[in-house]
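What follows is the residue order along each chain.
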Amino acid sequence: MAALEERFTLTAVPLGSGPDGPLGVEQSDKTDQFLVTDSGRTVILYKVSDQKPLGSWSVKQGQIITCPAVCNFQTGEYIVVHDNKVLRIWNNEDVNLDKVFKATLSTEVYRIHSIQGTEPLVLFKEGAVRGLEALLAEPQQKIETVISDEEVIKWTKFFMVFRHPVLIFITEKHGNYFAYVQKFNSRILSKYTLLLGQEEKSVTQSFSASVDRKFISLMSLSSDGCVYETLIPIHPSDPEKNQRVVRSLLLKSVVSGSARSGVALTILDHDHVAVLGPPLSASKECLSIWNTKFQTLQTSKELPQGTSGQLWYHGENLFMLHGKFLTVIPYKCEVSSLAGALGKLKHSQDPDIHAMTHFVNWETSQGYGLGSQNSEQSKRILRRRKIEVSVQPEVPPSTQLLAAVQKDSEKHIEVELRKFLAVKRTPDFHTIIGDVVIGLLGRYKAEPSFYPRNCLIQLIQTCVLSYSLCPGLMEFALEKTDVQILQLCLQQFPDIPESVTCACLKIFLSIGDDSLQETDINMESVSDYTATIQDAEIEEQTEILQNGFSPEEENCENCAQELIEKPPAATEESTSCPVTGKRAALLNAILHSAYSETFLLPHLKDIPAQHITIFLQYLYFLYLKCSENATMTLPGIHPPTLNQIMDWICLLLDANFTVVVMIPEAKRLLLSLYKFVKSQISICSELNKIEVSFRELQKLNQEKTNRELYSIEVLELF
């Protein structure tokens with residue numbers, strides 16, 4: 001259960017914090033005291049229980065505070081930065097900030113972090129970090145650049161992990177997000193690329209994080225109104241390498257997807273998060289607490305005057321800007337249980353006492369003797385049991401994952417899978433991945449309602465699987481007509497049988513456009529070449545292809561005449577892509593797949609002639625696009641090559657020519673291909689003539705060995 005208590009205003013007068021709200025609310029060295037920094041010139045120390053200020057400090061007119069003030073817990077002093085580079089340190093006795101300690105730094109500061117148990121850390125806008133003492137010893141020291149150009153820090157948090165400080169900060173560049181984890185006991189900085197899961201690309205509006213022994217749980221509230229979780233390992237397998245982590249859906253539609261401001265997220269404990277924002281598009285802003293373990297809304301409080309989209313929590317208090325006033329809302333979160341999540345937890349003491357008594361009696365019945373032995377003996381037994389539990393070896397993540405596959409829900413399996421993928425890879429990594437896939441498919445056969453699609457996609461993306469390692473995977477995808485998994489397999493597996501490749505091709509050509517529209521397809525191999533080609537460009541390109549060959553020659557007069565007799569609309573077949581962009585991406589995966597011509601041809605004969613015609617039209621279209629530039633290549637990432645296009649045209653015609661030639665819809669295509677082949681023959685003929693001429697030139701050059709340093713020679717070709 002969780003509850004929000006009655007809110008109260010901390011400031012007696014409107015806070016002069018500008019349109020974006022305060023810069024921050026930070027804990028002081030006293031439990032009940034907090035530093036509030038506005039976005040102008042002032043830092044105020046408040047005592048929450050008395051709802052009154054204890055002190056106020058301001059910088060001079062014309063100066064602006066640029067990061068929140070914090071408390072140095074080792075000295076009890078306060079630290080703030082104004083005008084990006086000027087650092088000030090003072091205590092409660094100081095009155096005028098202009099007369100306190102001042103240090104001008106060489107680089108702009110993004111944030112100062114301070115927590116109990118360690119010295120404050122200074123994070124610079126370029127990603128470098130310095131301890132306060134080392135920085136004050138040489139304020140003008142050179143600060144290195146850690147993040148790349150155009151990369152901007154969006155959020156940061158400071159933790160203590162096993163008494164060692166760990167800093168995480170998130171950056172954004174061109175809509176892509178990256179996480180940097182700095183461990184100060186080993187001076188290791190690790191970088192992670194935050195990848196989207198199966199959801200559409202959305203803008204992340206708020207971050208929050210918590211930490212346990214092995215992972216940083218990074219939660220993000222996105223513009224689609226959902227909360228996502230990313231597990232980032234504290235001890236990466238390869239610290240020097242830019243690693244990738246995938247986020248997964250944690251809570252769905254906690255705020256309205258149309259809300260573009262006034263939303264925030266913060267983690268309260270292991271099972272609860274606080275969310276600020278409107279739950280519906282037309283509703284007022286609310287503060288709500290959600291149980292992430294059971295995915296239930298625990299409590300909510302409406303904020304009719306609106307907020308700035310900022311939320312802080314310290315102890316059991318939530319701070320936010322409500323209207324123009326800084327407001328405090330105390331909260332309570334109990335230990336998470338299903339009854340509590342459903343609001344059915346009883347709060348009377350008697351049931352709890354009865355439950356404890358029942359527990360002790362049960363232990364007695366099991367032979368532990370807690371009821372009959374004296375207190376000291378019971379304590380020894382309990383201590384011995386605790387020691388026995390503590391010395392048990394830790395279960396490896398791979399074992400936990402394989403056990404979860406057999407019985408747990410898909411959501412839990414996803415969590416265990418992300419934990420396993422985040423640890424260092426072992427030599428048997430690919431074998432374990434194969435066993436997990438086989439386990440998932442075996443459970444699907446036993447439980448048809450169990451469809452672990454997201455887990456399978458993550459496993460394929462590890463790039464260690466092959467068809468021989470998990471032969472049932474593609475059959476599973478073919479049965480489900482899951483073209484996304486089939487595309488990934490074609491891109492990753494090097495040993496797919498030709499029969500399976502043709503089965504994929506059948507599905508790619510037969511699936512409806514409506515179904516494809518709703519499917520997430522990798523479009524890297526498709527660039528802008530699915531757009532319509534301008535008629536003028538086609539005419540110009542045709543002349544280039546002919547290279548002196550005229551379609552009006554005697555042996556092709558009939559072909560050209562038939563093309564001219566067609567109505568103008570018919571000429572558009574080759575001027576625009578005959579398939580949609582997503583279907584083109586799937587067909588490109590087929591073109592990239594490995595095959596043996598001997599084994600492939602029999603299976604190509606089983607594909608319907610109408611589908612063969614569509615594929616041939618697409619291949620001919622790709623050839624025209626290749627011919628648009630001198631390099632004879634297509635734009636995009638990993639597009640089909642000219643050799644792949646030509647090989648597949650030949651394969652399809654060899655396998656299906658006698659059938660395709662009888663289809664009226666394929667007549668124009670076959671005539672176009674005939675013209676194309678004839679022009680290629682003409683080009684080869686001309687090139688052979690030129691080759692003979694070049695050979696004669698080479699002979700002439702070899703004969704004239706007596707050359708001066710400079711000479712002019714005239715060579716006549718007959």
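Residues numbered from 1 in each chain as written. Predicted model: local features only at pLDDT ≥ 70, side-chain atom pairs only at ≥ 80, totals over all residues. Heavy atoms only, no water.

- For the protein chain, the name recorded in an unreviewed UniProt entry is Nucleolar protein 11, with Physeter macrocephalus as its organism.
- Listed in UniProt under the heading Subcellular location (unreviewed entry), the comment for the protein chain reads: "Nucleus, Nucleolus". (UniProt positions renumbered as here; feature names shortened; annotations may be inferred.)

### Some details on the overall build of the protein chain
Then step 1. The helix and strand tally for the protein chain stands at 19 helices and 29 strands.
Then step 2. Sequence-distant contacts, at least 24 apart, represent 56% of the contacts inside the protein chain between residues at least 6 apart. (Helix = DSSP H or I, 4+ residues; strand = E, 2+ residues; numbered from the N terminus. Contact = heavy atoms within 4.5 Å.)

### Focus on the side chain of D38
Then step 1. Looking at where D38 falls in the secondary structure, it is placed in the loop between strand 4 (33–37) and strand 5 (42–47).
Then step 2. Although buried, D38 forms no salt bridge, and the nearest oppositely charged side chain, R41, lies 8.0 Å from it.
Then step 3. Side-chain polar atoms of D38 contact the backbone nitrogen of G40, separated by 2.7 Å.
Then step 4. A distance of 3.2 Å separates a polar side-chain atom of D38 from the backbone nitrogen of R41. (Buried < 20%, exposed > 50% of the residue type's maximum accessible area, 1.4 Å probe, protein only. Lys, Arg positive; Asp, Glu negative; His and termini not counted. Salt bridge = Lys/Arg side-chain N within 4 Å of Asp/Glu carboxyl O. Polar contact = N/O pair within 3.5 Å; in protein donor to acceptor, adjacent residues only side chain to side chain.)

### Considerations on the pattern of salt bridges
Then step 1. For the structure on display, the rule yields 12 salt bridges.
Then step 2. For the salt bridge of R88 with D98, the shortest nitrogen-to-oxygen distance reads 3.7 Å. Placement of R88 in strand 9 (residues 86–90) and of D98 in the loop between strand 9 and strand 10 (101–104) is noted, with a sequence separation of 10 residues between them.
Then step 3. Where D482 meets R453, a salt bridge forms, and the shortest distance between an N and an O atom there is 2.7 Å. Linking D482 in the loop between helix 9 (472–480) and helix 10 (483–492) with R453 in helix 8 (residues 453–460), this pair joins segments that are 29 residues apart in sequence.
Then step 4. Accessibility expressed as a relative area gives 5% for D482, which makes it buried.

### Observations concerning the pairing of strand 25 (residues 286–291)
Then step 1. Across the six residues of strand 25, six count as buried, placing the element largely inside the fold.
Then step 2. What you see with strand 25 is no split at all: C286, S288 and W290 on one side and L287, I289 and N291 on the other are buried throughout.
Then step 3. Where strand 24 (residues 272–277) lies against strand 25, six bridges are found, and the strand directions are antiparallel. Note on strand 25: the bridge partner recorded for V275 is S288.
Then step 4. Note: strand 25 against strand 26 (residues 296–302), six bridges, orientation antiparallel. The residue of strand 26 that forms the bridge with W290 is L297.
Then step 5. Between strand 25 and strand 26, which pair antiparallel and follow one another directly, the connecting turn spans four residues, one of which, Q295, has a positive phi of 55°. (Pairing = 2+ DSSP bridges.)

### Observations regarding helix 7 (residues 429–446)
Then step 1. Compared with an ideal rise of 1.5 Å per residue, which puts 18 residues at 26 Å, helix 7 spans 26 Å between its outermost C-alpha atoms and is within 8% of the ideal.
Then step 2. Within the sequence span of helix 7, burial applies to F429, I432, I433, G434, V436, V437, G439, L440, L441, R443 and Y444.
Then step 3. Buried residues belonging to helix 7 abut helix 5 (397–407), helix 6 (410–422), helix 8 and helix 9. (Expected span 1.5 Å × (residues − 1).)

### Observations regarding the sheet that holds strand 4
Then step 1. The four strands are arranged 3-4-5-6 in an open sheet whose pairing can be described as antiparallel. Of all strands in the sheet, those bounded by a partner on one side alone are strand 3 (24–27) and strand 6 (52–58). The average angle at which neighbouring strand axes cross in this sheet is 20°, direction not considered.
Then step 2. As paired strands, strand 3 and strand 4 are joined by four bridges and run antiparallel to one another. Counterpart to Q27 in the pairing with strand 4 is F34. (Axes fitted to C-alpha atoms, helices over the stretch in contact; angles between N-to-C directions.)

### Looking at the environment of A2
Then step 1. Summarising the element assignment, A2 is placed in strand 1 (residues 2–4).
Then step 2. For A2, a relative accessible area of 6% corresponds to the buried category.
Then step 3. A C-alpha to C-alpha distance of 6.5 Å links A2 and T299, two positions 297 residues apart in sequence.
Then step 4. Look past the residues within four positions of A2 in its chain and what remains in contact with it is H272, I289, Q298, T299, K332 and C333.

### What to know about the packing of helix 10 against helix 15 (residues 581–592)
Packed helix pairs are characterised by how far apart their axes lie and by the angle those axes make with each other.
Then step 1. Interaxial distance between helix 10 and helix 15 falls to 9 Å at its minimum, and their mutual angle equals 30°. Crossing hand, helix 10 versus helix 15: left-handed. Only A585, L586, A589 and I590 of helix 15 make contact with helix 10, whose side of the interface consists of V483, Q487 and L490.
Then step 2. Residues belonging to the contact of helix 10 with helix 15 are distributed by class as follows: six nonpolar, one polar and no charged. (Left-handed = near helix turned anticlockwise from the far one by under 90°. Nonpolar A, V, L, I, M, F, W, Y, C, P; charged D, E, K, R; others polar.)

### Section: unusual backbone geometry
Then step 1. The phi dihedral of D83 is positive, around 55°, even though this residue is not glycine.
Then step 2. Checked against the element boundaries, D83 lands in the loop between strand 8 (77–82) and strand 9.
Then step 3. In this structure, N84 is a non-glycine residue whose phi angle is positive, near 70°.
Then step 4. Among the structural elements, N84 can be located in the loop between strand 8 and strand 9.

### A word on the nonpolar core
Then step 1. The biggest cluster of nonpolar side chains holds 85 residues, and the ones touching the most others in it are L473, F508, L604, F615 and W648.
Then step 2. Top contributing element to this core by residue count: helix 17 (residues 609–626), with 12 residues.
Then step 3. Three or more residues apiece are contributed to this core by two domains, here domain 2 (397–496) and domain 3 (581–666).
Then step 4. What W648 contacts, discounting residues up to four positions off in sequence, is L505, I590, L591, Y595, L600, L604, F615 and L619.
Then step 5. Among the nonpolar cores identified, the runner-up in size contains 18 residues, and A179, V181, I216 and L218 belong to it. (Core = buried A, V, L, I, M, F, W, Y, C linked by side-chain atoms within 4.5 Å. Domains from an automatic or database assignment.)

### Observations regarding the sheet that holds strand 25
Sheets are built from strands paired through backbone hydrogen bonds, the pairs being either parallel or antiparallel.
Then step 1. Pairing within the open sheet is antiparallel, and its four strands lie in the order 23-24-25-26. In this open sheet, the two strands that pair with only one neighbour each are strand 23 (264–267) and strand 26. Each strand of the sheet is rotated relative to its neighbour by a mean of 20°, with strand direction disregarded.

### Side note on a nonpolar patch on the surface
Then step 1. Taken together, the side chains of F657, V661 and M662 define a hydrophobic patch exposed on the protein surface, amounting to about 320 Å² of accessible area.
Then step 2. By secondary structure assignment, the location of F657 is in helix 18 (residues 642–660). (Patch = residues over 30% accessible without salt bridge, like charges linked within 9 Å, V, L, I, M, F, W, Y side chains within 5 Å. Areas by Shrake-Rupley, 256 points an atom, 1.4 Å probe, with all protein chains shown as cover.)

### Brief notes about the packing of aromatic side chains
Then step 1. A full pass over the atoms with the stated rule returns 12 aromatic pairs.
Then step 2. Between W57 and Y78 the ring centres are 5.7 Å apart and the planes differ by 50°, which places this aromatic pair in the tilted class. With W57 in strand 6 and Y78 in strand 8, this pair connects stretches of sequence that are 21 residues apart. Here W57 matches Y78 in class, with each residue buried.
Then step 3. Between Y451 and F476, the aromatic rings sit 5.4 Å apart at their centres with planes inclined by 55°, giving tilted as the arrangement. A residue pair is termed long-range when its members are at least 10 positions apart, and Y451 in the loop between helix 7 and helix 8 and F476 in helix 9 qualify at 25 residues.
Then step 4. The class for F476 is buried, based on a relative accessible area of 4%.
Then step 5. Connected via pairs of aromatic rings, a cluster forms that spans W57, Y78 and W90.
Then step 6. Seen from the ring of Y228, R247 lies directly overhead, with NZ or CZ sitting 4.0 Å from the centre. (Phe/Tyr/Trp six-rings, centres within 6.5 Å; stacked < 30°, edge-to-face > 60°. Lys NZ or Arg CZ within 6 Å of the ring centre and 35° of its normal.)

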